[in-house]
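Residue strings, one per chain:
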Amino acid sequence: MFRYISLQQQLIDERKKTAVLKAKTDRNAADIDYIAMMNDIELDTDETEGSEDEQ
């Protein structure tokens, strides 16, 4: 009825899923950057967080 999956195998499976999701996220970010660049749109970046600590 239920299939036993060892903790080791669960960890491997979850790492594979995470890698796939990261690749998709990176691809989506690249696509968004490309579309913005082609349409001459400025995107806000989160790089300003570090400068807040300096103030």
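> Would you explain helix α1 (residues 7-38) in this entry?
Since there are 3.6 residues in each turn of an α-helix, residues three or four apart along the chain are aligned in direction. Look at α1: 46 Å from first C-alpha to last across 32 residues, which is about the 46 Å you get at 1.5 Å a residue. Positive backbone phi, at 55 degrees, marks Asp40, one or two positions downstream of α1.

> Help me understand the pattern of salt bridges in this model?
Two side chains of opposite charge can pair, provided their charged atoms sit close to one another. Within the structure shown, the criterion is met by 3 salt bridges. The partner of Lys22 in a salt bridge is Asp26, and the shortest N-O contact between them spans 3.0 Å. Separated by 4 residues within a single helix, Lys22 and Asp26 lie in helix α1, roughly one turn from each other. Lys22 gets classed as exposed once you look at its relative accessible area, which sits at 52%.

Analysis parameters
Residues numbered from 1 in each chain as written. Predicted model: local features only at pLDDT ≥ 70, side-chain atom pairs only at ≥ 80, totals over all residues. Heavy atoms only, no water. Helix = DSSP H or I, 4+ residues; strand = E, 2+ residues; numbered from the N terminus. Expected span 1.5 Å × (residues − 1). Salt bridge = Lys/Arg side-chain N within 4 Å of Asp/Glu carboxyl O. Buried < 20%, exposed > 50% of the residue type's maximum accessible area, 1.4 Å probe, protein only.

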